[in-house]
Amino acid sequence: MAKQIKSGVTLTVTLSSNTTTSELLDDNRNTLNFIDSHHIEIVIIDFSAVNVIELTFMKLYFDLFRTIQVSGRRAYFVGIRPAHALILVESGIDFSGIKFYRDADEIFGKAYAS
């Protein structure tokens, strides 16, 4: 299941490989409710603890990502390994407008530099 860590206006959602589709849907709804009720402005979706990326889950994470963006907040993906990236590229998912970072330090370094 996803673990949420709040820090000011930033929320980090740490993902796990051991999540069922039902749990993921519940986690996504809970995350969106938390973001709204706590006025979170930046959401970091962290894949660093994910051992295996399944395309069904990845599509749900992309839905979460895009929902966060549509609601006027900033969302970032971090921690995707090269082997995972290859699977994602081969999936045909549209990555336009999505930025990926190695870690949160890289996000904040770039976010505050511009």
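You'll find the structure just up there.
Conventions used here
- Residues numbered from 1 in each chain as written.
- Predicted model: local features only at pLDDT ≥ 70, side-chain atom pairs only at ≥ 80, totals over all residues.
- Heavy atoms only, no water.
- Helix = DSSP H or I, 4+ residues; strand = E, 2+ residues; numbered from the N terminus.
- Contact = heavy atoms within 4.5 Å.
- Core = buried A, V, L, I, M, F, W, Y, C linked by side-chain atoms within 4.5 Å.
- Buried < 20%, exposed > 50% of the residue type's maximum accessible area, 1.4 Å probe, protein only.
- Pairing = 2+ DSSP bridges.
- Right-handed = clockwise from strand over helix to strand, strands pointing away.

*Asks:* Please explain the overall build of the chain as it appears in this structure.
*Replies:* If you tally the helices and strands in the chain, you get four helices and five strands. When the helices and strands of the chain are placed in sequence order, the string is β-β-α-β-α-β-α-β-α. If you take every contact in the chain between residues at least 6 apart in sequence, the share linking residues at least 24 apart comes to 70%.

*Asks:* Looking at this model, I keep getting lost on the nonpolar core. Mind explaining?
*Replies:* In this structure, Ile45, Phe47, Met58 and Phe77 are the most contacted members of the largest nonpolar core, which totals 24 residues. Mapped onto this core, the elements with two or more residues apiece are β2 (10-14), α1 (21-37), β3 (42-46), α2 (55-70) and β4 (74-78). For this core, the element with the highest residue contribution is α2, accounting for eight residues. With near-sequence residues (within four places) excluded, Ile45 lies in contact with Val13, Leu15, Tyr61, Leu64, Phe65, Ile68, Tyr76, Phe77 and Val78.

*Asks:* It is not clear to me how the pairing of β3 should be interpreted in this structure. Could you clarify?
*Replies:* For a regular strand, side-chain orientation follows a simple rule: the groups alternate between the two sheet faces. Of all five residues that make up β3, five are buried, and the element is covered over most of its length. Both β2 and β3 contribute to a ladder of five bridges, which runs parallel. Within the sheet, the bridge partner assigned to Thr10 lies in β3 and is Ile42. Here five bridges tie β3 to β4, and the two strands are oriented parallel to one another. Looking across to β4, one finds that Ile42 is bridged to Arg74. Of the crossover connections in this fold, the one passing from β3 over α2 to the parallel β4 is right-handed.

*Asks:* I keep staring at the environment of His84 and nothing clicks. Help me out?
*Replies:* Its location among the elements puts His84 in helix α3 (residues 82-91). According to the relative accessible area criterion, His84 is buried, its value standing at 4%. For the pair His84 and Asn51, spaced 33 residues apart in sequence, the C-alpha separation works out to 8.8 Å. Once residues lying within four places of it in the same chain are set aside, the contact partners of His84 are Val50, Asn51, Val52 and Ile53.

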